[in-house]
Amino acid sequence: MPPRKKSEPSNAETTHSGFSLDTRPIQAKMPENDPAAEAQRLNQEVETARIGNGYINILDLENPLIFGTYNDRPEKMSEINKMMTSFERHGIQSMDEKNALVIIIERSRLSGNQSLDVPWTDINALPHVRFLDTAGLTLASGQHRVAALRKLMQTHTDELVVQLKRLERLQNIDNPSPAQQEEHRDLREHIAELKGATQIKGKWGVKLYDADILLASGKHLARHLSRNQSLHVYTETEGEVLVSLLRDMADANERDGQAGAISVLQKEIKGSEKEKNTRNSKILHNTSLMLCLMEDILPLGPHYRKRKELTVRWLHQAMNVSMGMYTRWMSRQADVLRLLASQDEFPKYQDTCNMIEVIAAGGKDAETTHARVVELRAQILASEPGDFTIFSKFLPAIDNEAIKHFAKFKGALGTWDPHYETCLAQYRTSVLNLFKAAWKTKNKGGRTADELVWLDRVMARMNLWLVPLAEIHMPLPLMTGSVMDNVWESLEAVSEGFLETSRWFEPLIDTHHIHTPYGHTLDDSTEALFRSVERQPGLQVSAAVNDIFTILWDARTTSLLQLHNKMSTGPMQVKMQGRPHDKKTFTYQWSIAPVSLKQSALALYNVVKPLGPQGISKLEPSDLKMNGMAGIVSTGWEWQRPSAQKNATREIQPSVNAIMLESHFADQYRPAIINNAIIGKFRTQLQNVMISRQIVTQLSLNPGGSRSGGLGLAAQKSWNFWDGLSVTAAVSQSDAEMSLERQTAEVKKQERLASDRVDRDIIMKAQKSIMNLALARSHRGKKAPVSKEVADALNILADALSLSASRVRLRTLHDKDDFVFRRRRDHRNLNVPLIVAEPDEHTLDDSSEDDESQVEEIDAPKGPKAPPKKSEGKRNVPDKSTPAEVQKPKLTLKQKGKARQPDPASPSSSENDSPVRLLEDGPKEPDTTITKKTAEPVDASAEIERPIPRPRPIAKKTRREVPDEQPGKPAHQRPLHDAHLTYRTVPSVVPEANADVVVPDIPMSPLSQMDEDTPNDPAHHAVDQNAQDDTVVAPPSLPLVTPDELAEEIDTLRRSTRQKQKATAP
């Protein structure tokens, strides 16, 4: 075996395990496969095949465009719609180099007499590319851009075809009149403008590459050229995603109707759930809203395109209570525009103006004319809907008129308010003048006689529709942006009323999210109300929904307003907080529920559990009468879905319990509300609509009228709300109406309650922010309770802020900063919840021997624990290991009292100057001379008692203070400070420097510290002596106590100490 060669010295370092570490400098290593370098190399190779630049007219090209040869990306309608949105918002940037289309073509197919070697910097110099044949052109990319442009230009092309036909008809006239000659000239000008727009928008920049060079070594260069841009492309916003989806739904709606649009929506919902986009999912699950945006908002053009109704963020936040009402209001107003644009027969515009003048004059024909106007309004409602997009270009101008005329009107639109009627009349005149200027003056656009007749009818319909008819019709302005904002605010202003009304139809409005947090069936309260109406069996759904909406809309300023005010009061808001809002509170509420309620819930669950997807169709008539079954039928919670049946204990039973618990909770507060005259009549109207819209004898809620009834077979039409509560006969048959004065009072009350609610939310938010601080808790940890001292201070702060808010609101209302505020009359209780906290059991008011022993134990060095001594357990036996001069004798209560007494021989002392006597008799001016005193001998065998805690000082009232205090109030309700009180501290008796007993001093207030810093001036002391009787002996940071409370606290502490000693004694 040959000998080993000696290793040459290197820079390796040998470890103790025998492995060597390479310590040489690390050199840079370039990546073997750099995507950026590879893309740059391919770009250079592609440029060698570049022929030149130019432009083509996509819309006027004989050569068909071929896509997908070198990439297999399919054409998606969503991408096309997104591109159309970009065109409308940012314009068509067709001549930008980065947007140029790439054509791969043989050089021999290009016309030879054209120069394509033109740089892109000079766009105007780019030539129009001409081809020698009409064969297809292979494009590397751009299929969505071309499709979006063609779809956008289709409208212009259709209009051009129509105008050319009109021009041809005019040219075929043998002897045209002067008007027809003028129309012919205007029509030629308009056609020229359309052709010019088509030519400009069809012009698109292209880059041409030689196919022979590009494909010489394979298709990899062509595929590289077909790729999208390698740089980062910003993803589309949520609003763009929403608009693109609405376009896809509109396309499907044109092909397959509403079912096709819903099918596209369902596919998008599945994709959104996979991406876990909760905001989009919440919006997409609201089918009524999506259909409304698709059919009623998107087609009306740019005026609505930048509105909040097409932004995901606003829709997600607003979908809480009123979105169901708002959605149906938008649909109704869009239908009004369709009816106004109808082409059915109707009187002329001038005839309608004459009718309005006759009614306003009040002559003998006024009544007959009024009846004719009522008939024409009914004729408008029965008209065939027309093309409402004719209003699109006028909407911005109409909105400006609405802003101008309704700017000073602060109430709700569509009410019988004289100020509103005046504003509406001015608005109607201005809007009609807009249409007259556009449609009747110069006959712009070369319109035919039939079109002019149609537009005149549109104006006639608008003229009559915007005129109020007493007790029949109070119109709203046309739906524009400012009107939509006003309506949304008016609906949100009575949100508590809508929420409570929705609870009458849907039992799980408040508790659905607890057990199904990812469900979106009950996201919006009023939407859940209308869906509950739609689910009722044997009902004329469309008519019932329209009637319910009409009642709710008309009641928003009367019955709903009063219901909102009742539900917004402080006591009612506190009561509503009793509903469970999470699993913890729900579990607690269910645990204390009555046993009979739990038994009914269990019986209901046993019946519902085996039903499966067939739902209530499998129920027997006896089961339909069960307590709570009406809630199961009414709820929008999807208990029939197969996934719920797989684990019924987890999915179905908690919601059944929630329905029963909501029924029990409603019994406690709802009867008093619905038996109000106005609210009871409102509830009866809703119930009568549901009864009148039933088709045949059917399943009826609570046919017997008893509280325990549920569903049953009825021999006649009957219906009741799921809670089974009925309005008394006197209330249901009353003719109570809310007068105009009462409405005004309710509006003022609504404003005041809204202000109270805002102030209450601000105070509670401030309290919560302080409670979340770590230093506000009694110990470490996120779940540590709030300190009692902090809770008491926050309660006092809430009372002070409530008082201050009432004062500011009163003076703001009267616009006078020095307006007199009377507490008893003007102070409004905001009903801020009281913060309750338990005192910390490990906190003592003063230092004690337990504290000293704890400190000694902490400071002592850690080591092995010493064996117990024989004297252990006898607290009065001194430790012999400690020097006698270091040991401190432990005194009994009597001994401590004696030790604190100064020397009787001292001239500045008194035998009654003990702390307890001092607190009872009041403070005395301390002598500045410190007298030495000696502690009395200590009896080691005496009984040891827990030392008295530091007594809190007593507060005395001054003569100027109003005697309105209530000593029996809790500490958190007594003020910590009053402007009429002067705070001082109890002077401590200072012992001798070498005394064995140390009496800790009471912390001094800032005022006391200021007194100590004051020079020793006789006049100063004289003033203090004179004011001594009127001072309050208390630091500002301590609550005020009475001598009786202090003595009771000392006795309680003494008894608890003795009990602890007995419990720990061997």
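Every value quoted in this text rests on a predicted model; they were computed, and no experiment measured them.

*Asks:* Help me understand the overall build of the protein chain in this model?
*Replies:* Secondary structure assignment for the protein chain yields 43 helices and 11 strands. Looking at the protein chain residue by residue over its 1066 residues, the buried ones come to 41%. Considering only contacts in the protein chain between residues 6 or more positions apart, those separated by 24 or more positions represent 77%. If you sum the accessible surface of the protein chain, you get close to 61400 Å²; carbon and sulfur atoms cover 53% of it.

*Asks:* I tried to follow the packing of helix α17 (residues 418–439) against helix α18 (residues 449–465) on my own but got confused; where do I start?
*Replies:* The relative placement of two packed helices is expressed as an angle between their axes plus a distance between the axes. Viewed as axis vectors pointing N to C, α17 and α18 meet at an angle of 175 degrees, and their least axial separation amounts to 10 Å. As judged from the angle between their axes, α17 and α18 are roughly antiparallel. Between α17, through R428, L432, F435, K436 and W439, and α18, the contact on the second element is made entirely by L452, L455, V458, M459, M462 and N463. A per-class count over the contact of α17 with α18 returns eight nonpolar, one polar and two charged.

*Asks:* Would you explain helix α13 (residues 323–340) in this entry?
*Replies:* Since the α-helix advances by 3.6 residues per turn, residues separated by three or four positions end up pointing in the same direction. The terminal C-alpha atoms of α13, which comprises 18 residues, lie 26 Å apart, in line with the 26 Å expected from a rise of 1.5 Å per residue. α13 sits mainly inside the fold: 15 of its 18 residues count as buried.

*Asks:* Help me understand the pattern of salt bridges in this model?
*Replies:* A pair can form between side chains of opposite charge whenever their charged atoms are brought close. Counting across every chain of the model gives 35 salt bridges. E401 is the salt-bridge partner of K404, the closest N and O atoms lying 3.3 Å from each other. Of this pair, K404 and E401 both sit in helix α16 (residues 395–405), three residues apart, which is roughly one turn of that helix. The exposure class of E401 is buried, given its relative accessible area of 14%. Among the ionic pairs, D510 bridges to R503, the shortest N-O distance being 2.7 Å. Take D510 and R503: they sit in the same class, and that class is buried.

*Asks:* How should I be thinking about the sheet that holds strand β7 (residues 203–210) in this particular structure?
*Replies:* Taken in spatial order, the five strands line up as β3-β7-β5-β6-β4 in an open sheet, and their pairing is mixed. Edge positions in the sheet fall to β3 (50–57) and β4 (65–66), since each of these pairs with one other strand and no more. Examined bridge by bridge, strand β5 (residues 101–105) and β7 share five bridges and lie parallel to one another. Among the inter-strand pairings, I103 is bridged to a residue of β7, identified as L208.

*Asks:* Can you help me understand the packing of aromatic side chains in this one?
*Replies:* What characterises a pair of aromatic rings is the spacing of the ring centres plus the angle enclosed by the ring planes. Applying the stated rule across the entire model yields 16 aromatic pairs. When the ring of Y326 is compared with that of W488, the centres are 5.2 Å apart and the planes differ by 65 degrees; the resulting orientation is edge-to-face. With Y326 in helix α13 and W488 in helix α19 (residues 481–492), the pair connects residues that are 162 residues apart, well separated along the chain. By the burial criterion, Y326 is buried, and W488 matches it. Arranged with centres 5.9 Å apart and planes meeting at 80 degrees, the rings of F391 and F435 form a pair that is edge-to-face. You can see F391 sitting in the loop between α15 (366–381) and α16 and its partner F435 sitting in helix α17, a full 44 residues away along the chain. The same class applies to F391 as to F435, namely buried. Three or more aromatic residues link up through ring pairs in this structure, and these residues are W504, F505, F682, W719 and F721. The ring of F821 has R807 sitting right over it, with the charged end atom 5.7 Å from the ring centre.

*Asks:* Explain α18 here, please?
*Replies:* With 17 residues, α18 should cover 24 Å at 1.5 Å per step; its first-to-last C-alpha distance of 24 Å lies within 8% of that length. α18 sits mainly inside the fold: 12 of its 17 residues count as buried. Turning to α18, its buried residues number three or more, namely W454, L455, D456, R457, V458, M459, A460, R461, M462, N463, L464 and W465. Each element contacted by the buried residues of α18 is listed here: α13, α14 (349–361), α15 and α17.

*Asks:* Please clarify how the pairing of β3 should be interpreted in this entry.
*Replies:* Both faces of the sheet carry side chains from a regular strand, because those side chains alternate between them. A large share of β3 lies buried, amounting to seven of its eight residues. Note: β3 against β7, seven bridges, orientation antiparallel. In the strand pairing of β7, G52 is matched with L208.

*Asks:* I'm lost on a negative patch on the surface in this one. Help?
*Replies:* The grouping of E789, D840, E841 and D845 at the surface amounts to a negative patch. Relative to the elements of secondary structure, E841 occurs in the loop between α37 (823–826) and α38 (849–859). For E841, a relative accessible area of 68% gives the class exposed.

*Asks:* What exactly am I supposed to notice about the packing of helix α2 (residues 77–90) against helix α7 (residues 238–256) here?
*Replies:* The interhelical angle for the contact between α2 and α7, taken along N-to-C directions, is 120 degrees, at an axis separation of 8 Å. One element, α2, and the other, α7, form an angle in the oblique class. Like other packed secondary-structure pairs, α2 and α7 cross with a definite hand, here right-handed. Packed against α2, whose contacting residues are M77, S78, N81, K82, M84, T85, E88 and R89, the element α7 presents E240, V243, S244, R247, D248 and D251 at the interface.

*Asks:* Would you take a moment to explain the environment of T415 for this structure?
*Replies:* Position of T415 among the secondary structure elements: in the loop between α16 and α17. Once the C-alpha coordinates of T415 and P475 are considered, the two residues, 60 residues apart in sequence, prove to be 8.7 Å apart. Not counting residues within four places of it along the chain, the set of residues in contact with T415 comprises F409, Y420, M474, R556 and T557. One polar contact links the side chain of T415 to the main-chain carbonyl oxygen of A412, over a distance of 2.9 Å.

*Asks:* I tried to follow the nonpolar core on my own but got confused; where do I start?
*Replies:* In summary, soluble globular proteins display a tendency toward joint burial of nonpolar side chains. The biggest cluster of nonpolar side chains holds 152 residues, and the ones touching the most others in it are Y326, W329 and F391. Considering each element in turn, this core owes the most residues, 10 residues, to α13. Non-local contacts of W329, meaning those with residues more than four positions away in its chain, are made with L476, M479, V483, M484, V487, F549 and W553. If you look at the next biggest cluster of nonpolar residues, it comprises 25 residues, including M84, L101, L110 and L152.

*Asks:* How should I be thinking about the side chain of S532 in this particular structure?
*Replies:* Structurally, the position occupied by S532 is in helix α22 (residues 525–535). Judged by its relative accessible area of 0%, S532 falls in the buried class. Excluding anything up to four places from it in sequence, S532 contacts F505 and S634.

*Asks:* Where do I start with the confidence of the model for the protein chain in this structure?
*Replies:* Residues shown with low pLDDT carry predicted positions that ought not to be read at fine detail. Predicted confidence across the protein chain gives a mean pLDDT of 75, with 72% of residues reaching 70 or more. Counting interchain partners and residues more than four positions distant, the pLDDT-below-50 stretch residues 697–715 has 60 contacts. Every residue in residues 868–947 is under pLDDT 50, and counting partners more than four places away or in other chains gives 95 contacts.

*Asks:* Please clarify how the environment of I262 should be interpreted in this entry.
*Replies:* Along the polypeptide, I262 turns up in helix α8 (residues 258–275). C-alpha of I262 to C-alpha of M290: the two residues are 28 residues apart in sequence and 9.1 Å apart in space. Dropping the residues within four chain positions of it, I262 is found in contact with T287 and L291.

Calculation notes
Residues numbered from 1 in each chain as written. Predicted model: local features only at pLDDT ≥ 70, side-chain atom pairs only at ≥ 80, totals over all residues. Heavy atoms only, no water. Helix = DSSP H or I, 4+ residues; strand = E, 2+ residues; numbered from the N terminus. Buried < 20%, exposed > 50% of the residue type's maximum accessible area, 1.4 Å probe, protein only. Contact = heavy atoms within 4.5 Å. Areas by Shrake-Rupley, 256 points an atom, 1.4 Å probe, with all protein chains shown as cover. Axes fitted to C-alpha atoms, helices over the stretch in contact; angles between N-to-C directions. Parallel < 35°, antiparallel > 145°, perpendicular 65-115°, else oblique. Nonpolar A, V, L, I, M, F, W, Y, C, P; charged D, E, K, R; others polar. Expected span 1.5 Å × (residues − 1). Salt bridge = Lys/Arg side-chain N within 4 Å of Asp/Glu carboxyl O. Pairing = 2+ DSSP bridges. Phe/Tyr/Trp six-rings, centres within 6.5 Å; stacked < 30°, edge-to-face > 60°. Lys NZ or Arg CZ within 6 Å of the ring centre and 35° of its normal. Patch = residues over 30% accessible without salt bridge, like charges linked within 9 Å, V, L, I, M, F, W, Y side chains within 5 Å. Lys, Arg positive; Asp, Glu negative; His and termini not counted. Charge placed at Lys NZ, Arg CZ, Asp CG, Glu CD. Left-handed = near helix turned anticlockwise from the far one by under 90°. Polar contact = N/O pair within 3.5 Å; in protein donor to acceptor, adjacent residues only side chain to side chain. Core = buried A, V, L, I, M, F, W, Y, C linked by side-chain atoms within 4.5 Å. pLDDT = per-residue confidence, 0-100.

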